[in-house]
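Now for the letters of each chain:
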Amino acid sequence: MRRAFLRRLLGAALTVLGVLAINYFLFRVMPGDPVAMLVRNPKMTAEALARTRASLGLDRPWHEQFRSYLAGLARADLGSSFIFKRPVLAVIGERLLPTLLLTLVAEALAIAGGMLVGIVSAWKRGTKADVLGLGFTLLAYSMPTFWLGILLVALFAGRLGLFPVSGMLSPGLAFAPLAQRLGDVLTHLALPSITLALVLMGEYALIMRNAMIEVLTEDYIVTARAKGLSERGILRRHALPNAMIPMTTLIAMSLGFAITGALQVETVFSWPGLGRLMYEALKGRDYPLLQGIFLVTSVCVVGANFAADILYRYIDPRVRD
Amino acid sequence: MRLRAIVSAAALLAVLALGPLSAAEAPKGYLLKVGSSEDLDTLSVFTASERAATELFLLVYDPLVSFDEKLGPAPCLAESWKVSADYLEWSFTLRPGLLWSDGQPVTAADVKFTYDALLESGLGLYAPFLAGIVSVEAPDERTVLIRTDKPKANMLQNPTPILPEHVWKAGLGKLEEFSDPRLVGSGPFSFTEWKQGQYFSLAAKPKHQLGAPKVGGIVFTVFANRETLAQALVAGEIDVALNLYPDQLPQLGKAKGVEIHRFSGNGFTELALNCWADPASKGSPALRDRRVRQAVERAIDRRAIVDIAFAGAGEPASTLIPAATPEWHYEPSAAELRSPDPAKAGELLDAAGYARKGADGIRLGPGGAPLALRLLARSDNAREVKAAQMIEAGLRAVGVGVELSTVDDGALQAAIDAADYDLFIWGWGGDVDPTTILALLTTGQIGGSNEPRYSNTAYDAAVERQATLLDPKERQAAVFEAQRIAYEDCPYIVLSYDGDIQALRSDRVAGMAPVAGGPILYANTNVNYLRAAPTGAASRGAAPTVALAAAACALVGAVAYLLTRKRAKKANWDAK
Amino acid sequence: MGRDEPGTGAFALFRRSRLGMAGLGLVLAFAATALVGPALAPYEPLDFGTAAEVLRPPSREHLLGTDDMGRDVAAALVAGSRTSLLVGLSATLISMALGSAVGIAAGWRGGLADSILMRLTDVFLVLPWMPLMLVLAALLGSSLWNIVLVIGLTGWAGTARLVRAQVLAIKERQFIERARATGASGARIVLRHLLPNVFPLIFANTILVTAVSVLSETTLSFLGMGDSTRPSWGMMLHFAFESGAATSGALWFVLPPGLCVLGLVLGFTLMGYAFDEILNPKLRRRG
């Protein structure tokens, strides 16, 4: 168990290193110069640009820049954003929270809903409930996320005027008491999180259904039935725990990915999260910020995978060393 | 446990995402709520390049001389000024008793410090306004002496914010990174908070030399989508909406209490033509011939582009200086004007040696190569992409092949820097003073802002001359001359003068009016922020919000309950 | 499911799957539209109209109304099916070829090559996928073939892992041992024995990857990174969103392109689901 753990840890570390290298060089072969992006402002003087270039370290050779980047990383310093002239971690931190809020709520809804639909579908395999469940599942699975968002905007904002469809906080509430702001954020959260949850639900329901169907045909379920256990009892005590194994992996992986999966939803609902920040950073050729975002999200995914791996070994006795 | 943790984490995150637990000290009085697509980039006069930042600086800082509601010079920190007979030495007298927001007095030394720091570093948006200044002196607390090498026509059109020396001297030598998080200033508002991507806010000061604000504070909310911006205005969530489009007017016109202001801005959208004849140029040689450039203009229908691609926003353009500043805008005579005319375009191309056409209808050059131009447009700007599609169609109709590609800002800038393009669409924002725009196309700016790499000594001379003429008539003649030359040579085909729409809830906020027939806010002056006053009808419409919030809370609570219940069962399995 | 013989029975089973056949029907319908549709449409999809023709609701002249530049929505939809299918299929070809090659090489060679290739695969699996596509699209420029390349280059890692696992399983089987014993060359064994056995899996995966590729193309175009010289569903939705068609009620410009994307992706998903169920329900990953 311990050796396996260490091996996994080393693997994860190597993956992160690979991500680092790819990030760094990918962004530097992109056409476009972060300083030149400021030229488009007619009031920027040539001296200002030269000074800015030097202050960003862009006048030094690339290997020197890479070395100082790595040295900074070792001190948990991701550098300073070109656009915002603030530490990358601070900029990311400010935008990470809204994204985490959105994805966690969406994930919670999707896991609960997806499991429910998947279990019912598998348990009632072949019945009308299954057809309905599977139909919903495949439809959600094929749905373009942004389009679903646009439809909800059209329906709830255009027709019904029920939910706010843009941003995270109503304009007048910047100085309002915390409770009022909290309530306001939740109403803003409704449509984006439902959009993301519906799409994620398709995947969860599909995996849950398949896992359940597989488990339900296993010998021990047949044995349990023969022992006269109630159907509900079989479901709870035997089928579900085993079907949860593949689900755990999927959930862990998807939690890592959800951070960037929210990009489309953030675009449609103007949610001030990491996805939109990435877009701004890309446009401004803000390499340190882009690198930071890629690094943070990749580390999240690697971390989630790693956790899933360990968890997997813990719940599934078959893969224990 | 895990799922319950997710739910509690979500609640915690919601609180964290809202920022400091104790909201910034609420301003007393009415909160003016402005919605727009614009956000800050940095909080420093030396590094900011966004329009929103200049608007913020108008509110927290003061210049020596500001603009009044007609955009004429108005005393601000300086109560009076004199200029010497040779127009080379200016003397400004500061008002007595001026204070920074931290209580320290504002002195002439602060002015000298700010100007010197900008002149020495050349950083930021404001350094160019100081061009031509050779020395700044502060002989006493209230006198600023400024010397210039040549007469400086725009000395009083200089919005440079004056910074407190006692705060900023710590930043000398590292002005690229330094910033003052509190924004200590002498302006009528003080900065409270900035949530990047969401909003920034200010609180009114009780006292200011131009009169205290009548509102208690201002919140600038960032909208990523102009539809929701309009809805927020109609719903009364905001008092002023900026950057609206004409196709939203029918919807807004029906709404109660909404006052709409359409105006043309001092920026434009242009089609740039690479006319650089240098061996390093990677542009099509065809465009080095002025007749071909003029033919391109003849093939373009600006009216249609404005109506369809720009959804009616803006006005079809001609010369460099927008019609929003009529004293500087040169209108070409009927003989000079190149209105859309495919037949004339054909004649020009025939004369330039592209008379022969290939089987596909595309003209062939003297060497037999087809006349094809690459056209770049910015992928994230739907209106410019649509304009590009229309230009492509127009050029094809006169036998010019076009290869259209959409690229992001960074890639387009790279292509411009390498002179590796034929045509592209982008825009510039202008100033009250015409120098900024005219200087774009001067020979000295090749490799910098002179993107078509256009060069004409007569143009350069006219641009340089106008900047030194203090007589309005003489200066106007020079400004006209420069525009006439550039229009004839056609390095830029200015497609439209930006039109903009701002809308205002006049039932809630009174006192604001267009500045010099133009915008209400983002108008180069803070007069409207000072004049704005609540009408009293501005009551809160919070009831539905509260109900919805309660509903949402209930929903989240229900989900949390379900999840934790599920988990409790799971715990039993583990115990088994 | 006999693993030792190629999935000959799979296609027969597929024909019995109602979901699978429904999916095939959907895909074929779109393919037919893409092939003959543009020739039949009475309007050129890129010919814009006058200001008066912008965003008109459906009428006798324009069955599905007009878009934000006065173009016929129906004509653009038909032309868009061509773009979606072309990009979806070509990008899938690239990622399948790349993924299969990496998977077979890693599984077959083992050792250091396997470690390096799998580490690379892991890196591509954890890099945020949509942002990576955006960055690559900015890097290459957004012509149609660059979009194909971008989607192909980012979508191969899942396949590589899947194929490697299958190769590892097959490698130990007797018939491979026998072939080895007879002195057949490595390349021959891979081509004659390994590939036919991995193929059903690759095929089923291909269909699912196509669904993802079509979605990717649409999403990239929606985010403004598409090829603006060709009509595509994602591009239509991009302009629909940018021009505020959803909130202003111009649903004829919002619903049809989205429904087309949904239909085509659903077609591939249904087929993939049917195949997946036939071949191995355990192996499943999205993108």
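1. A closer look at the overall build of chain C
Looking only at helices and strands, one finds 12 helices and 0 strands in chain C. Along the first, second and third principal axes, the C-alpha set of chain C runs to 75 × 45 × 30 Å. A burial count over chain C gives 55% of its 287 residues as buried. For chain C, the share of sequence-separated contacts (at least 6 apart) that also reach a separation of at least 24 residues comes to 73%.

2. Here we look at the overall build of chain A
Looking only at helices and strands, chain A has 13 helices and 0 strands in total. Sequence-ordered secondary structure for chain A, helices as α and strands as β, is α-α-α-α-α-α-α-α-α-α-α-α-α. Residue burial in chain A is summarised as follows: out of 321 residues, 54% are buried. In chain A, 73% of the contacts between residues at least 6 apart in sequence involve partners at least 24 apart.

3. Let's talk about the nonpolar core
Side chains that are nonpolar tend, in soluble globular proteins, to be buried together. Core analysis: the largest hydrophobic core is formed by 349 residues, its most contacted members being B:Leu375 and C:Met133. Those residues in contact with C:Met133, other than ones at most four positions away along the chain, are C:Val150, C:Ile151, C:Thr154, C:Ser216 and C:Leu220.

4. A look at the packing of helix α7 (residues 157-171) of chain C against helix α9 (residues 186-222) of chain C
Residues and elements named next belong to chain C. Two elements in contact, α7 and α9, have axes separated by 10 Å at closest approach and are oriented at 155°. By the angle between their directions, the pair α7 and α9 is classed as roughly antiparallel. Classified by chirality, the crossing of α9 by α7 is right-handed. Contact with α7, carried on its side by Thr159, Leu162, Val163, Gln166, Val167 and Ile170, involves Leu194, Asn197, Val198, Leu201, Ile202, Asn205 and Val209 of α9 and no other residues of that element. Tallied by class, residues from the contact of α7 with α9 come to 9 nonpolar, 4 polar and no charged.

5. A look at the sheet that holds strand β4 (residues 78-83) of chain B
All names here are of chain B. Across the sheet, 4 strands lie side by side as β4-β5-β7-β6; this open sheet has antiparallel pairing. This sheet does not close on itself; its edge strands, each paired only once, are β4 and β6 (133-140). Direction aside, the axes of adjacent strands within the sheet are offset by 20° on average. For strand β5 (residues 89-94) and strand β7 (residues 143-148), the ladder comprises 5 bridges, and the chain directions are antiparallel. Bridge pairing in β7 places Ser91 opposite Leu145. Set on the sheet, helix α3 (residues 108-121) makes contact with β5, β6 and β7; between it and β6 the angle comes to about 160°.

6. Observations concerning the interface of chain C and chain B
Listed by partner, the interface residues are 19 residues for chain C and 19 residues for chain B. Secondary-structure elements contributing two or more residues to the side of chain C that touches chain B are α10 (233-242) and α11 (245-248) of chain C. Tallying contributions element by element places α10(C) first for the side of chain C that touches chain B, with 3 residues.

7. Here's the deal with helix α11 (residues 409-417) of chain B
Residue and element names in this part refer to chain B. With 8 of 9 residues buried, α11 lies mostly within the body of the structure. When α11 is considered as a whole, its buried residues turn out to be Asp409, Gly410, Ala411, Leu412, Gln413, Ala414, Ala415 and Ile416. Backbone geometry just after α11 places Ala419 at a positive phi near 50°.

8. Looking at unusual backbone geometry
All names here are of chain B. Positioned with a positive phi, Tyr87 is a non-glycine residue whose angle comes to about 60°. Residue position: Tyr87 is located in the loop between β4 and β5. Taking the C-beta count within 10 Å as the criterion, Tyr87 has 16 such neighbours and is therefore assigned partly exposed. Non-glycine residue Tyr522 carries a positive phi angle of around 55°. Structurally, the position occupied by Tyr522 is in the loop between β18 (509-510) and α15 (527-531).

9. A look at the environment of A:Val131
Looking at the secondary structure, you find A:Val131 in helix α6 (residues 128-142). Sequence separation between A:Val131 and A:Ile293 is 162 residues, and the spatial gap between their C-alpha atoms is 41 Å.

10. Let's talk about the confidence of the model for chain A
Counting all residues, the mean pLDDT for chain A is 80, and 89% of those residues have values of 70 or more. Within chain A, no element has a lower average pLDDT than helix α2 (residues 36-39) of chain A, which sits at 60, and none a higher one than helix α5 (residues 88-123) of chain A, at 89.

11. A short note on helix α1 (residues 2-29) of chain A
Here α1(A) contains 28 residues, and its C-alpha end-to-end distance of 41 Å stays within 8% of the 40 Å for a straight helix at 1.5 Å per residue. Among all positions of α1(A), only A:Thr15, A:Val19, A:Leu20, A:Asn23 and A:Phe27 are buried.

12. Quick word on the pairing of strand β11 (residues 240-244) of chain B
All names here are of chain B. Here β11 lies mainly inside the structure; 4 of its 5 residues are buried. As paired strands, strand β1 (residues 31-36) and β11 are joined by 2 bridges and run parallel to one another. Bridge pairing in β11 places Gly35 opposite Ala241. In terms of strand pairing, β11 meets strand β17 (residues 492-505) through 3 bridges, oriented antiparallel. Paired with Leu244 across the two strands is Ile501, which belongs to β17.

13. What about the pairing of strand β10 (residues 217-222) of chain B?
Residues and elements named next belong to chain B. Counting buried residues in β10 gives 6 out of 6 residues, a clear majority hidden from the surface. When β1 meets β10, the two strands line up parallel, connected through 6 bridges. Looking at β10, one finds that Ser36 is bridged to Val222. Note: strand β9 (residues 199-204) against β10, 5 bridges, orientation antiparallel. Looking at the pairing, Ser201 lines up with Val219 of β10.

14. Describing the confidence of the model for chain C
All names here are of chain C. Across chain C, the average pLDDT comes to 81, with 93% of residues at 70 or higher. No element of chain C has a lower mean pLDDT than helix α1 (residues 8-16), which averages 68, and none a higher one than helix α3 (residues 73-109), which averages 90. Throughout residues 1-7 the model reports pLDDT below 50, and contacts reaching past four residues in sequence, or to other chains, amount to 8 contacts. Confidence over residues 281-287 falls short of pLDDT 50; this stretch has 14 contacts with residues more than four positions distant or in other chains. Scoring of the predicted complex yields 0.85 for pTM and 0.85 for ipTM.

Parameters and conventions
- Residues numbered from 1 in each chain as written.
- Chains lettered and ligands numbered in written order.
- Predicted model: local features only at pLDDT ≥ 70, side-chain atom pairs only at ≥ 80, totals over all residues.
- Helix = DSSP H or I, 4+ residues; strand = E, 2+ residues; numbered from the N terminus.
- Buried ≥ 20, exposed ≤ 12 C-beta atoms within 10 Å, placed from the backbone.
- Contact = placed C-beta atoms within 7 Å.
- Core = buried A, V, L, I, M, F, W, Y, C linked by C-beta atoms within 7 Å.
- Axes fitted to C-alpha atoms, helices over the stretch in contact; angles between N-to-C directions.
- Parallel < 35°, antiparallel > 145°, perpendicular 65-115°, else oblique.
- Left-handed = near helix turned anticlockwise from the far one by under 90°.
- Nonpolar A, V, L, I, M, F, W, Y, C, P; charged D, E, K, R; others polar.
- Pairing = 2+ DSSP bridges.
- pLDDT = per-residue confidence, 0-100.
- Expected span 1.5 Å × (residues − 1).

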